[in-house]
Number of protein chains: 2
Amino acid sequence: MNRVNTWTFQNDIYVQATGTVVGPLESQGPIGDAFDESLDDLHDNKKSWEEAERTMMEKAIAHCLRKDETSMKEVNVFLTGDLINQNVIGSYTARDLNVPTLGIFGACSTSVEGISIGAALVDGGFVSNALTAVSSHNATAERQYRYPTEYGSQKPSSATFTVTGSGALFLSRQKSDLRIESSTIGRVVDFDRSDPWDLGSAMAPAAADTIKTHLEDKGRSPEYYDLIVTGDLSSVGTPLVRELLKEDGIDITENHRDCGLWIYSKDQPVFSGGSGCACSAVVTYGHIFEQMMSGVYERVLLVATGALMNPLMIQQKESIPSVAHAVAFERVKHE
Amino acid sequence: MNRVNTWTFQNDIYVQATGTVVGPLESQGPIGDAFDESLDDLHDNKKSWEEAERTMMEKAIAHCLRKDETSMKEVNVFLTGDLINQNVIGSYTARDLNVPTLGIFGACSTSVEGISIGAALVDGGFVSNALTAVSSHNATAERQYRYPTEYGSQKPSSATFTVTGSGALFLSRQKSDLRIESSTIGRVVDFDRSDPWDLGSAMAPAAADTIKTHLEDKGRSPEYYDLIVTGDLSSVGTPLVRELLKEDGIDITENHRDCGLWIYSKDQPVFSGGSGCACSAVVTYGHIFEQMMSGVYERVLLVATGALMNPLMIQQKESIPSVAHAVAFERVKHE
């Protein structure tokens, strides 16, 4: 037995800059001011929602590199993923970048997969830096995973609402105040949940598994972190992950929050909360990093959660496997 | 300018074992004997084609680990991708493996993406070994990308035929006769081709770009390799990649072959040749490695090619971006 779930980066890998773009509903939420840019509407004057989503990713990348004064020419590798069939948002964005590109997929856990592989490639000396970007868009995801929004179909309150947004992150070994300390790569778990209107319940066991594994691997207690933040467990999955961990003697209640509940206020029409690749990315890159810089949090464990089904698997009566990947960020003060 | 397209592995990373499973048509082709197992028909006694494809990946993994006498418990990371929406073949296979899992997507280039990231993670010391598996299935891919096969729709001769198969590869630092020397990660290129019935033409420029970059980065001429093998350029893309490289003064004609043309004989009903994630994987892991072991080839550059569109992008009149990733294998003799 020689299992290695947690990768600890030896060479001090840092977040250099981030870029975030969100849709109108997200900009009206409680952390709306934290984002670099917001769209007035979901079409953003483009011919299709998919083109609007692509433009959003392009804008997030532009914000990210501009902040670091990095030219696209200096980027060594681009890691990208999204929710749309065959990762077309990331791939079509990549054709204008002229950078070695790796497509990744972990549904809503993709943000942390990108950071983890990127940090490992820099730490291993294969590249000097890595750019990673993810996106999701309410209208493109709804029509692909569920029903076209024009149908106006009813949803149960356990459903989540796909966040419209894109988050980009640029990392390298150049010193900054925000270090990427370690990553825990999740196993795919399946607790035989098959309701696509309740992804929080399907994903909570994956989040619990990865949090437990991370804490064990690093010999840490939940209190080590000022914040343990899950991606998109919603109001259904959030109590569930806490309960599951309590059964294992791990109490995260005091310092746990969920990005899907953080990005919207309770009076916004989002059912059980936000979801989508962008959810954990924009909340973390936009708001949480800002809070870390202003001293609110020093150590943060981001646990992005993904439901790995597609509509065909649901039609074929399959259950919903899930995965969660975690990354530990630390605020560091240099002399 | 600090572009790094090519990763050279410093710590001698080796292929430990591979597993290959193919469909009936592939087993009847000229290299049919090279595969570990073949299905009698595309359904393989399963309820759905997707379940048959999943089982095929499970079998390929079982063959691979059995040859190396490695227990699944010893595997450190699983990298997987396929052609089906949201990578469900790999993800659903992963739920029974209990191993940290990373979903990857590069369409038919996914095999080399998996080997490259896996080798980098082992070389960087994050994991001791990596298992990677890809699959494609003619019936699942046809109905998703084109039309359900039951429609019997006509195709032009430039169309490719999705290979039914799955290939798994297990790599680590333990010495074997087959070393993974370096990888070149491709850029996404788009030469404004928009015919989904001619992916060879769309992908040839990506293959040419990656081959040229690899040779430049390593300071090598095409003759350095006994074989430069592309993934699935077909009878349309094969002359095109040679022509494109000739324009740059690089002549690969003498030692170039295409997996899509290698796996079938000319009298099999496969239009312009084979394609799909499995195409480059099963031909390389099954046949080419066998040839390397018997002394036919010493150095092989595998250039897997992927067309990164989905049907919606075609409907929206978008062109087809492509990518190619390359990996250099060397036969080594230990004292």
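Fair warning: this is a prediction, and the values are worked out from it, not measured in the lab.

Enquirer: Residues and numbers for the overall build of chain A, please.
Expert: If you tally the helices and strands in chain A, you get 10 helices and 13 strands. In terms of overall size, chain A behaves like a compact globule, its C-alpha atoms giving a radius of gyration of 18 Å where 335 residues would be expected to give roughly 20 Å. In terms of overall dimensions, chain A has a C-alpha envelope of 55 × 50 × 40 Å along the principal axes. Looking at chain A as a whole, 68% of its 335 residues are labelled buried. On chain A, roughly 11200 Å² of surface is accessible, and the fraction owed to carbon and sulfur atoms is 43%. Taken as two groups, the 28 positive and 45 negative side-chain charges of chain A have centres that lie 2 Å from each other.

Enquirer: Account for the packing of helix 6 (residues 199–218) of chain A against helix 7 (residues 234–247) of chain A, naming residues and giving values.
Expert: All names here are of chain A. Contact geometry of helix 6 with helix 7 gives a least axis separation of 8 Å together with a crossing angle of 35 degrees. Helix 6 and helix 7 meet at a crossing whose hand is right-handed. Together, Gly200, Ser201, Ala204, Pro205, Ala207, Ala208, Ile211 and Lys212 of helix 6 and Ser234, Val236, Gly237, Leu240, Val241, Leu244 and Leu245 of helix 7 make up the contact between the two elements.

Enquirer: Go over the packing of aromatic side chains, please, and point to the residues and values.
Expert: The relation between two aromatic rings is expressed through the spacing of the ring centres and the mutual angle of the planes. Enumeration according to the criterion identifies 13 aromatic pairs over all chains in this entry. Measuring from centroid to centroid gives 5.8 Å for Phe126 of chain A and Trp7 of chain B, while their planes differ by 45 degrees, and the two rings are tilted. Linking Phe126 of chain A in the loop between helix 4 (110–123) and strand 5 (129–136) with Trp7 of chain B in strand 1 (residues 6–22), this pair reaches from one chain into another. Overall, the relative accessible area of 6% leaves Phe126 of chain A in the buried class. A ring pair is formed by Tyr224 of chain A and Tyr225 of chain A, whose centres lie 5.0 Å apart and whose planes are at 80 degrees; its orientation type is edge-to-face.

Enquirer: Which residues make up the pairing of strand 1 (residues 6–22) of chain A, and what values do they have?
Expert: On a regular strand, each side chain points to the face opposite its neighbour's, so the side chains alternate between the two faces of the sheet. Residues and elements named next belong to chain A. Counting buried positions over the 17 residues of strand 1 gives 13, a clear majority of the element. Where strand 1 lies against strand 8 (residues 178–184), five bridges are found, and the strand directions are antiparallel. Note that in strand 8 the partner of Tyr14 across the bridge is Arg179. With eight bridges joining them, strand 1 and strand 7 (residues 165–172) adopt antiparallel strand pairing. Directly across from Gly19, in strand 7, lies its bridge partner Ala168. In the sheet, strand 1 pairs with strand 2 (residues 37–38) via two bridges, with the strands oriented parallel. Along strand 2, the bridge assignment pairs Val21 with Glu37.

About the criteria used
- Residues numbered from 1 in each chain as written.
- Chains lettered and ligands numbered in written order.
- Predicted model: local features only at pLDDT ≥ 70, side-chain atom pairs only at ≥ 80, totals over all residues.
- Heavy atoms only, no water.
- Helix = DSSP H or I, 4+ residues; strand = E, 2+ residues; numbered from the N terminus.
- Rg over C-alpha atoms; globule rule 2.2 N^0.38 Å.
- Buried < 20%, exposed > 50% of the residue type's maximum accessible area, 1.4 Å probe, protein only.
- Areas by Shrake-Rupley, 256 points an atom, 1.4 Å probe, with all protein chains shown as cover.
- Lys, Arg positive; Asp, Glu negative; His and termini not counted.
- Charge placed at Lys NZ, Arg CZ, Asp CG, Glu CD.
- Axes fitted to C-alpha atoms, helices over the stretch in contact; angles between N-to-C directions.
- Left-handed = near helix turned anticlockwise from the far one by under 90°.
- Contact = heavy atoms within 4.5 Å.
- Phe/Tyr/Trp six-rings, centres within 6.5 Å; stacked < 30°, edge-to-face > 60°.
- Pairing = 2+ DSSP bridges.

By themselves, these figures tell us nothing about what the structure is for.
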